[in-house]
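Read off the chains here:
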Amino acid sequence: MRWTTDKIRQSFLDFFKERGHQVIPSFPIVPKGDPTLLFVNAGMAPMKDYFLGVRTPPSRRVVDCQKCLRISGKHNDLEAVGRDTYHHTFFEMLGNWSFGDYYKAEAIPWHWELITKVWGVDPKLLYATVYKDDDEAEQVWLKLNVLPKERVMRFEKENFWSMGDTGPCGPCSEIHVDRGEKACKGEAHPGIACGVNVDGCERFIELGNLVFIQYNRDESGKLTPLPQKHVDTGSGLERIAAALQSLERSDGKTLGNYEIDLFQTIIQKIESAVGELGSGARYGQRPETDISFRAIADHARTMTFLIAEGVNPGNSEREYVLRRIIRRAARHGRYLGVHQPFLAIAQQGVVDAMGDAYPEIRKDAAKIAQVITEEEARFGETLDRGLELIDQEKARLKKSGAKTLPGDVAFKLYDTYGFPLDLTQDVLRNDGIEVDTAEFDRLMGEQRERARAARKDEAAGPEIQIAAGTSSRFVGHHSYEGESEVLAAGAQDGGSIAIVVAETPFYPEGGGQVGDRGVIETASGALAEITETRKAEGSIVHLGRILQGEVADFRRGAQVKLRIDRIRRDAAMLNHSATHILHYALRDILGTQVHQAGSLVTPDRLRFDFSHQGPVGAEALSDIEEEINARVRENAEVTVEEMAYDQALKAGALAFFGDKYGDVVRVVRMGDFSVELCGGTHVSRTGDVGFFKLHAESGVASGVRRIEAATGQGALEAVREQEKLLGQLGAKLGSTDAAALDRLEKIIAREKELEKKLRALEQKLASGGGNGGDGAAAENVREVNGIKVVMRRADGIDPRALREMADRMRQKHGSAVVALGSDQGEGKVALLVAVTPDLTARIKAGDIVKQIAPLIGGSGGGRPDMAQAGGRDASKLDEALEKVASLVG
Ligand SMILES: [Zn+2]
Ligand SMILES: [Zn+2]
């Protein structure tokens, strides 16, 4: 392949660089300093200020390849992605720019040269378009003398560009390529012949769009010429690649955007994941699965680039876009039979395909994978149940003939199962079912209202009005109590209260560490029990219950004493410091590719999630535990320093990718082994941790492992718990320590042996008793006076097995008298008679046994349904069995 996507991108930049342009890197997709735009949606967007004269461009000639995202507002291509072969959410736009420098006479010939000479497209296949009144541009084309007049076409709205209703605008000229009759089936434009600027036509596609910004439009719509004229060009990289790579083929096949080298690299990765974890479907097999392959490939690019720019999945506007993208992609994974996190594999394809052009996605690949996998795993827990609910609803709607999903179902999917509304709509689209969005919106509004009333905490969340400009400070890194002034308080029926003070020793939940509990007391003796401490918009909110006094006692300006639950805090603190040591030990033993993926620190335990492929072996776990305890015994000093974020990273501090940090950060050091950015509370020496005990290691998602552990008192209690369990086991086994193990091994061995014997016996019985070679002869069945008598010799079988055999025979025959005789060797002979319950009124097993026992030189007896006898003379055993039949008679 000559024109790979990478080569096309580079050739474009090089071509214009040779013509005096400065090559600039892509602007971020998340626009800096433009609140009107959620994402950069065209190459033009970040250049706006240059055209408006608000900022000075780095050069009057610039060339770039801009990352773009169309997923919200006017340009929202999300619904179409995957369903056709050319829509994307993320795409790249090549552009060359003139800010008051060259104009039509240069821009048009240059593009012609690039397309025909550099990229080698046959001029016979090309068409040009100009705005209907733009004689100037038409003249440039005609003077160039490369296209016949009829192939320089005039259009109206297609060839006029404006930034908005007012502002800079101007005509444009486009270059289109004819990809041949076979390229378009005309499905998107029924009744209209294929042609340039026919909507949805895949035969004629645009290779370049040159905008000539020459007017300013005022409110009345009047156009006035600009003093400076600009050129703004945009060419979709994916589309150019599809065109050039189609022309290179000898088989005449025209490629869609998703069939270019870049997307094939990504799709192959997805195929490998689907092969390993899912249905094994491949791209190009079925139209329905192709939709999912394309959507996942597209979404993988979007999530990779957004996360690389520091966006995390969440509920605010940009964050929610990312969350929707990941969840939609995960749902497409289900359609391909993949039921576990796999998108990190698709992301690897994005890195393979685009990492050379965009080094940031390669550098942060591991962190990006973590963010994707975590979100995927979180949604994975409810995705299947949500899809099930949709299936049920679909069946219900089908029965009733309705075509609208009720708003409350869509809301339940959103609220309980984490389905963004557009995902629900997407799932239902193929069935022609719509969602009652008005009802959905109403329920959302209600929920927002509830959330507002309840603030952050659902259980105890009185509304609280915090005056603008006030903020509270956490001062409890080294203290358990303090005095301060109430800034705001709110209450709810039932005595729950929310209090904000200027300075507090209460640690607000954050960085994985739980919030403090304790009490707040006023000078007048009013007392509130605080059960929860949280951050809320610059303030620290204490939530709890009034024990004495009333809300008015905690009014604004009241002086209060604050005291935290010291034991609880200390326990949480120990666990928090231990996570830092654990983080260090993991990287020390497993390697520095290990990154934190999350943590939870409570007074009782700690949980630490980290990136790692496959389970951590028992030996490594033991090494990790050992290393941690060695560092604890080292009793290293723990110091905290505040410094600028950049400086901290330079000092080698580990920052958790999922956390947001301010400009000034706290750097927590332990000895010479651990440096982390952290706002939590810590011990002053590692020895305070006392003892670290690891409980469990498990997987939480593909590539993410979890360690659970405890420290201090919690660890001691855990060890005691295990000790107690061992003690109880020992008592049952009748010995302790090593002897107990020995005993247990013997029991297990004996059990195995018994099982083997039992199985052999069962087989024997099931086969009807064999032929005597193993001691059990065939049954001798006779009918006497309408009663079935079954006699059988079963030599070598002990009395217990004999009873089991009798039970089986009774079951087998339903109604019968069963007589068994066994020569057990060494002068032992056994007789057994069993009678089914329906016959015991007439025939009693005990009576029969008493009469036949003398024949074997013994005695016996028993119940009416079963009786046994033991003797020494085997010679008359058959006679004894025979006598049973005559006795029944
Ligand atoms: Zn067409
Ligand atoms: Zn920390």
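Structural notes, computed from the coordinates.

About the criteria used
Residues numbered from 1 in each chain as written. Chains lettered and ligands numbered in written order. Predicted model: local features only at pLDDT ≥ 70, side-chain atom pairs only at ≥ 80, totals over all residues. Heavy atoms only, no water. Helix = DSSP H or I, 4+ residues; strand = E, 2+ residues; numbered from the N terminus. Rg over C-alpha atoms; globule rule 2.2 N^0.38 Å. Buried < 20%, exposed > 50% of the residue type's maximum accessible area, 1.4 Å probe, protein only. Contact = heavy atoms within 4.5 Å. Axes fitted to C-alpha atoms, helices over the stretch in contact; angles between N-to-C directions. Parallel < 35°, antiparallel > 145°, perpendicular 65-115°, else oblique. Left-handed = near helix turned anticlockwise from the far one by under 90°. Nonpolar A, V, L, I, M, F, W, Y, C, P; charged D, E, K, R; others polar. Donors = N, O, S within 2.8 Å, 3.2 Å for Na, K, Ca; no water. Tetrahedral: all angles 85-135°; square planar, octahedral: opposite > 155°, others 65-115°. Core = buried A, V, L, I, M, F, W, Y, C linked by side-chain atoms within 4.5 Å. Expected span 1.5 Å × (residues − 1). Pairing = 2+ DSSP bridges. Salt bridge = Lys/Arg side-chain N within 4 Å of Asp/Glu carboxyl O.

**Overview of the overall build of the protein chain**
(1) Moving on: For the protein chain, the count of helices and strands is 22 helices and 34 strands.
(2) Moving on: For the protein chain, whose C-alpha radius of gyration is 41 Å, the value lies well above the compact-globule estimate of 29 Å for 889 residues.
(3) Moving on: Considering only C-alpha atoms, the protein chain reaches an extent of 130 × 85 × 55 Å along its principal axes.
(4) Moving on: Relative to its 889 residues, the protein chain shows a buried fraction of 50%.
(5) Moving on: Contacts in the protein chain between residues far apart in sequence, at least 24 positions, make up 67% of those at least 6 positions apart.

**A look at the packing of helix α6 (residues 261-277) against helix α9 (residues 343-354)**
(1) Moving on: One can describe the packing of α6 onto α9 by two numbers: an axis separation of 8 Å at closest approach and a directional angle of 155°. On the basis of their axis angle, the class for α6 and α9 is roughly antiparallel. Helix-helix and strand crossings are classified by hand; for α6 and α9 the assignment is right-handed. Packed against α6, whose contacting residues are Leu-262, Thr-265, Ile-266, Lys-269, Ile-270, Ser-272, Ala-273 and Leu-277, the element α9 presents Ile-345, Ala-346, Gln-348, Gly-349, Val-350, Asp-352, Ala-353 and Met-354 at the interface.
(2) Moving on: Taken together, the residues that form the contact of α6 with α9 break down as 10 nonpolar, 4 polar and 2 charged.

**Quick word on the coordination of the zinc ion (ligand 2)**
(1) Moving on: Donor atoms from the polypeptide that bind the zinc ion (ligand 2) are His-576 (NE2), His-580 (NE2) and Cys-678 (SG), placed at 2.1 to 2.3 Å.
(2) Moving on: The sequence motif formed by the donor residues of the zinc ion (ligand 2) is H-x3-H-x97-C. Of this pair, His-580 sits in helix α15 (residues 566-590) while Cys-678 is found in the loop between β26 (674-677) and β27 (692-701), placing the two residues 98 residues apart along the sequence.
(3) Moving on: The buried category is assigned to His-580, whose relative accessible area is 2%.

**Describing the coordination of the zinc ion (ligand 1)**
(1) Moving on: Coordination sphere of the zinc ion (ligand 1), protein contribution only: Cys-184 (SG), His-189 (NE2), Cys-194 (SG) and Cys-201 (SG), at 2.2 to 2.4 Å.
(2) Moving on: If you look at the zinc ion (ligand 1), its 4 donor atoms make angles of 98 to 117° with each other, and the shape they trace is tetrahedral.
(3) Moving on: Taken in sequence order, the residues that donate to the zinc ion (ligand 1) follow the motif C-x4-H-x4-C-x6-C.

**Notes on the nonpolar core**
(1) Moving on: Of all hydrophobic cores here, the largest spans 88 residues; its most connected members are Ile-8, Phe-39, Trp-119, Trp-141, Ile-270 and Met-354.
(2) Moving on: Counting residues per element, this core draws most heavily on helix α7 (residues 287-308), which supplies 9 residues.
(3) Moving on: Trp-141 has contacts with Ile-108, Trp-112, Ala-128, Val-130, Val-146, Leu-147, Val-152, Ser-173 and Ile-175, leaving out every residue within four places of it along the chain.
(4) Moving on: One finds Ala-620, Val-632, Ala-636 and Leu-694 within the second-largest nonpolar core, a separate group that totals 31 residues.

**Observations regarding helix α20 (residues 799-813)**
(1) Moving on: In this model α20 runs 21 Å from its N-terminal to its C-terminal C-alpha over 15 residues, within 8% of the 21 Å that 1.5 Å per residue would give.
(2) Moving on: The set of residues buried in α20 consists of Ala-801, Leu-802, Met-805, Ala-806, Met-809, Arg-810 and His-813.
(3) Moving on: Positioned one or two residues after α20, Gly-814 has a phi angle of 75°, which is positive.

**Section: the sheet that holds strand β32 (residues 828-835)**
(1) Moving on: Read across the sheet, 6 strands follow the order β29-β30-β31-β32-β34-β33 without closing on themselves; strand pairing throughout is mixed. Of all strands in the sheet, those bounded by a partner on one side alone are β29 (780-784) and β33 (859-862). Across the sheet, the mean angle separating the axes of adjacent strands is 15° when strand polarity is ignored.
(2) Moving on: Its contacts with the sheet place α20 against β29, β30 (787-793), β31 (817-825), β32 and β34 (866-871), and it is angled at close to 155° to β31.

**Structural notes on the pattern of salt bridges**
(1) Moving on: Under the criterion given, the structure shown has 61 salt bridges.
(2) Moving on: In this structure, the salt-bridge partner of Glu-529 is Arg-545, at a minimum N-O distance of 3.4 Å. Taken together, the residues span a long stretch of sequence, with Glu-529 in strand β19 (residues 527-536) and Arg-545 in strand β20 (residues 539-548) at a distance of 16 residues.
(3) Moving on: The exposure class of Glu-529 is partly exposed, given its relative accessible area of 28%.
(4) Moving on: A salt bridge links Asp-878 to Arg-793, with the nearest nitrogen and oxygen atoms 3.0 Å apart. Placement of Asp-878 in helix α22 (residues 877-888) and of Arg-793 in strand β30 is noted, with a sequence separation of 85 residues between them.
(5) Moving on: Among the charged side chains, a salt-bridge network with shared partners connects Glu-79, Arg-83, Arg-324, Arg-328, Arg-331, Asp-422, Asp-426 and Arg-429.

**Structural notes on the pairing of strand β21 (residues 559-564)**
(1) Moving on: Only one face of β21 is buried: it carries Val-560, Leu-562 and Ile-564, and the other face, with Gln-559, Lys-561 and Arg-563, is open.
(2) Moving on: As judged from the 5 bridges shared by strand β15 (residues 481-491) and β21, these two strands associate in the antiparallel manner. Paired with Glu-483 across the two strands is Lys-561, which belongs to β21.
(3) Moving on: As defined by bridge partners, strand β18 (residues 518-522) adjoins β21 across 5 bridges and the pair is classed as antiparallel. Its bridge partner being in β21, Ile-520 is matched across the sheet by Leu-562.

**Some remarks on unusual backbone geometry**
(1) Moving on: Notably, Asn-197 is not glycine yet its phi reads approximately 65°, a positive angle.
(2) Moving on: Here Asn-197 is to be found in the loop between β9 (167-178) and β10 (204-217).
(3) Moving on: By relative accessible area, which is 24% here, Asn-197 ends up partly exposed.
(4) Moving on: Positive phi values are uncommon outside glycine, yet Asn-785 reaches one of about 50°.
(5) Moving on: Topologically, Asn-785 is positioned in the loop between β29 and β30.
(6) Moving on: For Asn-785, a relative accessible area of 59% gives the class exposed.

**What to know about the sheet that holds strand β24 (residues 638-644)**
(1) Moving on: Here 3 strands make up an open sheet; going across it, the order is β24-β25-β26 and the pairing antiparallel. The two strands at the open ends of the sheet, each matched to only one other strand, are β24 and β26. Taking each pair of neighbouring strands and ignoring which way they run, the sheet shows an average axis angle of 25°.

**Considerations on the environment of Asp-165**
(1) Moving on: Looking at the secondary structure, you find Asp-165 in the loop between β8 (160-162) and β9.
(2) Moving on: Overall, the relative accessible area of 72% leaves Asp-165 in the exposed class.

**Some details on the side chain of Arg-334**
(1) Moving on: With respect to the helices and strands, Arg-334 occurs in helix α8 (residues 317-335).
(2) Moving on: Excluding its chain neighbours within four sequence positions, the residues that come into contact with Arg-334 are His-339, Gln-340, Gly-380, Leu-383, Asp-384 and Leu-387.

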